[in-house]
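# Structural description and commentary
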Amino acid sequence: MIHMYRILLSIIAMGLAGSSAAALNVFACEPEWASLTRVLGGDQVEVVSATTAHQDPHRIEARPSLIAKVRRADLLVCSGAELEIGWLPMLQRQAGNRKVMPGQVGYFAAADQVGRLGIPDRIDRSMGDVHASGNPHVHLDPRRLKTIATALGERLASLDSSNAAHYRERLASFILRWDEAMMRWQERAQPLRGKRLVVHHQDWEYLFDWLGIVKAGSLEPKPGVPASSGHLAKLKKALLAEPSLAIIHTHYQSPKAARRLSQLTGIPAVELPYTVGGAENVVDLFTLFDETLQRLLEVVP
Amino acid sequence: MPLRISIASALSLAIASTAIAKENLFNPDISLILDGRFGAFDNESDYELPGFMLGGEAGRGEEGFHLGHNELAISANVDDLFYGKLTAAIADHEGDTEVELEEAFIETAALGNGLNIKAGRFFSAIGYLNQQHGHAWDFADAPLVYRGLFGNQLIDDGLQVSWVAPTDIYLQLGGELLRGERFPAGGASNDGKGAGTLFAKIGGDIGESHAWQLGLSHWRAEVEERTSGGHQHEGEAEEIPTYSGDSKVTGIDFVWKWAPLGNASQRNFKLQGEYFIRDEKGDVIMDDGSESPESTTYDGDQEGWYLQGIYQFMPRWRVGLRYDRLESDNKGSDEEVLAEAGLDNEGHKPERITLMGDYAHSEFSRLRLQYARDDSYEDADGILMLQFVMSLGPHGAHRF
């Protein structure tokens, strides 16, 4: 009889757990943070990503659906460093959710957790869309990503203290696998060290910093300013004098400029996944770096 | 062991940097909008909008080189609870440079439970376009229905309370209690609480590529002596049409945006439309300074709508098309006085079709060419407008 009672109780408990879902509602601004939060939170987090790999995280609108999601979030996990400045502050202002305002424990900015590159000495819009807080694309350096994962794991543990052990356990397991993967990647990436790459936008500073790759030029004459034919001609001239390995761009950037420069110079244009979902086989942060290295190594002679 | 150390060091890093986390390095944000124009008209007659008393900033604009709305805005989080913003529009009116306080409000940012309170002077939440700054509009001028009913834009002083529901679909409900002194209200009746609104917005996504929002809104006011400054007659004694009575505006608005896979940077399309109907009952007098001015009872029925589509066909370049239409059926005890007040539609249904093309060199600059075939009054007009809109200062976050 008692046995039956227990079974019944556990069925009810399961039903309740199913209906109330996970412990934390997480709103991730970009797919990389959605992926990281899922890894660290497991079944205790319900994660939505505001953007997909097809979208430029700098150019998103404060859509009604996003306001509704921020309204119900316990935690925002975003890049920060002004990457989402055109839409996130508007979402936060409109959603009326105290928990996720800047400075609250429910707002996690990844770029705040690490040292940033590209902090300008001065801000002048004639330099393009530059940001005082430096380059926000921090997830492309696995070393920084590890620091961010650690801070995020602790953040989850402090927000949902009853499950703290669960988050810490998952964090430790992630770090173990990540350290292993980093060693593997660093070895594989040896042939890329010191190589020169042309970029579309300044998305890759952190990847280059990690792998010791040199930026050979940018398709955008200035951050946020589209490529012009005059600028491409100038790039071509510079590349003929000192060639580069490839011209790289993300999935959400138009490949036109990269292809045109590729035709002009014979240097291959390579699309890199940039984030989780940026290529068919990039399903998490591990495959993101696997695929990025794979595609770059393919063009090494 | 190395794992422990890395966690500890990362944590101390994290704590140090959240302490200094801030929106940006400027406090407060200062931004400046520069708006310059060139206009060319086909005919020279005075502008009127038959069936509507013009007020506020309504008009067809100016000819030749002139300045539009140059704005200086200062905003910041006041503390962890309040956000504050002031926008001053600097414009030339008949040779005098005037500074107008367009917005001066505080807003709670962190009440929680989806609740937000705004107080001060702000753009009313009625309609869709009304809450956007003129420089964020897709055409150089306001739709005719905004021109005819609100004097281009409904701005008032008061209190706004809104609530976002904790639902999957976006649902916002709200209301405003307003002073009711500025056009199209007047007189700050009811001890300075002469107007109010109710509004609801609902919205969401359809797949990755589509986003939509639908709004319903209602505005009402007890109007005391609303004067119409936009309507001029060449006569001996200047008569100023003045309305007192009830005024109710009800509107529905929608916007639908498309971008392939949600990536708007290459191509995107926006379709938006709004419909408003206004019902007024009261009296109109032709105030000429005398003891017994001409007067009439007034029963006004006015409505209008517009529909517009904007297509960005490649980065930087957009084209747009807008159609405007107004209708009115106003009655009064003295038809002649109504006609003098500009409230007789003269058998005319104002309409206008506008074509627009613009080029944005960056997110901060825009050059626009616009041509309107304007049948909003008897003398059909072709209006060509060249405009630049530039924003200086930090990145603004725009509404949907």
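### Overview of the nonpolar core
Taken as a class, soluble globular proteins show a tendency for nonpolar side chains to be buried jointly. Core analysis: the largest hydrophobic core is formed by 96 residues, its most contacted members being A:Leu76 and A:Val77. In terms of residues, this core owes the most to one element, helix H5 (residues 142–159) of chain A, which gives 7 residues. Beyond its immediate sequence surroundings of up to four residues, A:Leu76 is in contact with A:Phe27, A:Cys29, A:Val70, A:Val100, A:Gly106, A:Tyr107 and A:Phe108. If you look at the next biggest cluster of nonpolar residues, it comprises 44 residues, including B:Phe105, B:Ala185, B:Phe276 and B:Val284.

### Section: the packing of helix H6 (residues 164–188) of chain A against helix H10 (residues 285–298) of chain A
All names here are of chain A. The interhelical angle for the contact between H6 and H10, taken along N-to-C directions, is 5 degrees, at an axis separation of 11 Å. As the angle between them shows, H6 and H10 are arranged roughly parallel. Residues Ala181, Trp185 and Arg188 of H6 form the contact with H10, whose participating residues are Phe286, Phe289, Leu293 and Leu297.

### Considerations on the packing of H5(A) against H6(A)
All names here are of chain A. Contact geometry for H5 and H6: axes closest at 9 Å, N-to-C directions at 175 degrees. Regarding the angle of H5 to H6, the classification is roughly antiparallel. Contact residues: H5 offers Pro142, Lys146, Ala149, Thr150, Gly153, Leu156 and Ala157, while H6 offers Ala164, Tyr167, Arg168, Leu171, Phe174, Ile175, Trp178, Met182 and Trp185. Along the lines of polarity and charge, the residues of the contact of H5 with H6 split into 12 nonpolar, 2 polar and 2 charged.

### Comments concerning the sheet that holds strand E3 (residues 75–78) of chain A
Whether parallel or antiparallel, the strands of a sheet pair through hydrogen bonds between backbone atoms. Residue and element names in this part refer to chain A. Overall, parallel pairing links the 4 strands, which are arranged E2-E1-E3-E4 in an open sheet. Of all strands in the sheet, those bounded by a partner on one side alone are strand E2 (45–49) and strand E4 (107–109). Neighbour to neighbour, the strand axes of the sheet diverge by 20 degrees on average, direction disregarded. Inspection of the sheet shows strand E1 (residues 24–28) paired to E3 by 3 bridges, in the parallel sense. Bridging from a neighbouring strand, Val26 pairs with Leu75 of E3.

### Some details on the interface of chain A and chain B
In this complex, chain A contributes 47 residues to the contact, which on the side of chain B involves 52 residues. Residue assignment for the side of chain A that touches chain B shows that the elements contributing at least two residues are helix H3 (64–71), helix H4 (88–95), H5 and H6 of chain A. Taken together, the residues of the side of chain A that touches chain B break down into 19 nonpolar, 14 polar and 14 charged.

### Brief notes about the sheet that holds strand E8 (residues 269–271) of chain A
Residues and elements named next belong to chain A. The parallel open sheet is built from 4 strands, whose spatial order is E6-E5-E7-E8. The open sheet terminates on both sides in strands that have one partner only, identified here as strand E6 (214–218) and E8. Averaged over all adjacent pairs, the angle separating strand axes in this sheet is 35 degrees, with direction ignored. Examined bridge by bridge, strand E5 (residues 196–199) and strand E7 (residues 246–249) share 3 bridges and lie parallel to one another. Within E7, the residue paired with Leu197 across the bridge is Ala246.

Criteria and cut-off values
- Residues numbered from 1 in each chain as written.
- Chains lettered and ligands numbered in written order.
- Predicted model: local features only at pLDDT ≥ 70, side-chain atom pairs only at ≥ 80, totals over all residues.
- Core = buried A, V, L, I, M, F, W, Y, C linked by C-beta atoms within 7 Å.
- Buried ≥ 20, exposed ≤ 12 C-beta atoms within 10 Å, placed from the backbone.
- Helix = DSSP H or I, 4+ residues; strand = E, 2+ residues; numbered from the N terminus.
- Contact = placed C-beta atoms within 7 Å.
- Axes fitted to C-alpha atoms, helices over the stretch in contact; angles between N-to-C directions.
- Parallel < 35°, antiparallel > 145°, perpendicular 65-115°, else oblique.
- Nonpolar A, V, L, I, M, F, W, Y, C, P; charged D, E, K, R; others polar.
- Pairing = 2+ DSSP bridges.

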